[in-house]
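# Residue-level structure breakdown
Residue-level listing of the chains:
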Amino acid sequence: MQIIFLTSKNSWVNEKKKFILQKKVFKGARIITKPTQINSGNDILVMLSYTKLLSSKYLNRSKYNLVVHESDLPKGKGWTPLFWQILEGKTKITTTLFNANSKVDDGKIIKKKNFHYEKNLVYDEIKEKQLKNALSLVENFVKKFLINKKIKFLKLNKKSKSSYYKRRTPVMSKINLNQSLKSQFNLLRISDNKSYPCYFNYNGSKYYLKLIKEKKS
């Protein structure tokens, strides 16, 4: 069976290749960063942290084109739904595995499952858990695929309406000095200390505020 993982070139997922490929069901899988590397006749394409839409030209090269999206689709389409929901104060996150088409976060839904994200998790821990949960859904799919080549899809309520999360930008990590840190703790823990740390402006200068969690011995 041919399995390919497609991720963006600069994605954090590329640092987790060994973790992904150590799983027995993913033995022999390839991890690529360009859709042109997708070979025809592929069984399963898994898009992990891939930020572009694939055209039918590339989607047609695989029997299934899997995407794991951390929202109760069709609600919560768009960018970084996990972080938006944590910012909203949620700890139980519905995650959807679906067979993608050429539209944004659209396609036949294969499975939905709730995962718990504790309130004390910080950015790196959230990302680690996100990857672990995503791979568990894909792993479950692959095992079922090996037993039965035909996969059943979930039926959605036709009245379900779509909603969208916009892309998070660095300016969204700005701390309000007139509010307590406690009230902004969720913002601190979803902000990447390297790429877009929290910050505030004071007396004509810009200051960065990074959240670092003490590791237990």
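Right above here is the structure, for reference.
Because the structure is a prediction, the values reported are computed rather than measured.

### Examining unusual backbone geometry
Of note, the bond from Leu73 into Pro74 is cis; its omega dihedral lies within 30 degrees of zero at 15°. Structurally, the position occupied by Pro74 is in the loop between strand S4 (62-69) and strand S5 (77-78). Phi is positive for Thr80, which is not a glycine, with a value near 35°. Of note in this structure, Asp105 is not a glycine but carries a positive phi near 45°.

### Some thoughts on the nonpolar core
Grouped together as the largest cluster of nonpolar side chains are 35 residues, with contacts concentrated most on Phe5, Phe26, Leu48, Leu66 and Phe141. Of all the elements, helix H4 (residues 123-147) adds the most residues to this core, at 10 residues. Setting aside anything within four residues of it in sequence, one finds Phe5 in contact with Ile20, Phe26, Ala29, Arg30, Ile31, Ile32, Val46, Leu48 and Leu135.

### Here's the deal with the sheet that holds S4
The strand order S2-S1-S3-S4-S6-S7 describes an open sheet built from 6 strands, whose pairing is mixed. Each of the sheet's edge strands pairs with one partner strand only, and the pair in question is strand S2 (30-32) and strand S7 (107-116). The mean inter-strand angle of the sheet, taken between neighbouring strand axes irrespective of direction, is 20°. Bridge count between strand S6 (residues 92-100) and S7: 9 bridges; the pairing is antiparallel. Directly across from Ile93, in S7, lies its bridge partner Phe115.

### Thoughts on the pairing of S6
Of all 9 residues in S6, 8 are buried, a share of seventy percent or more. Relative to S6, S4 runs antiparallel, the two sharing 4 bridges. The residue bridging Val67 from the neighbouring strand is Phe98, located in S6.

### With respect to the environment of Lys111
Tracing the sequence through the fold places Lys111 in strand S7. Its relative accessible area of 28% is what places Lys111 among the partly exposed residues. Between the alpha carbons of Lys111 and Phe98 there is a distance of 7.0 Å; along the sequence they are 13 residues apart. Once residues lying within four places of it in the same chain are set aside, the contact partners of Lys111 are Thr95, Thr96, Leu97, Leu137, Asn140 and Leu154.

What counts and what doesn't
- Residues numbered from 1 in each chain as written.
- Predicted model: local features only at pLDDT ≥ 70, side-chain atom pairs only at ≥ 80, totals over all residues.
- Heavy atoms only, no water.
- Helix = DSSP H or I, 4+ residues; strand = E, 2+ residues; numbered from the N terminus.
- Core = buried A, V, L, I, M, F, W, Y, C linked by side-chain atoms within 4.5 Å.
- Buried < 20%, exposed > 50% of the residue type's maximum accessible area, 1.4 Å probe, protein only.
- Contact = heavy atoms within 4.5 Å.
- Pairing = 2+ DSSP bridges.
- Axes fitted to C-alpha atoms, helices over the stretch in contact; angles between N-to-C directions.

Everything listed here is a matter of coordinates, which is why it stays silent on function.
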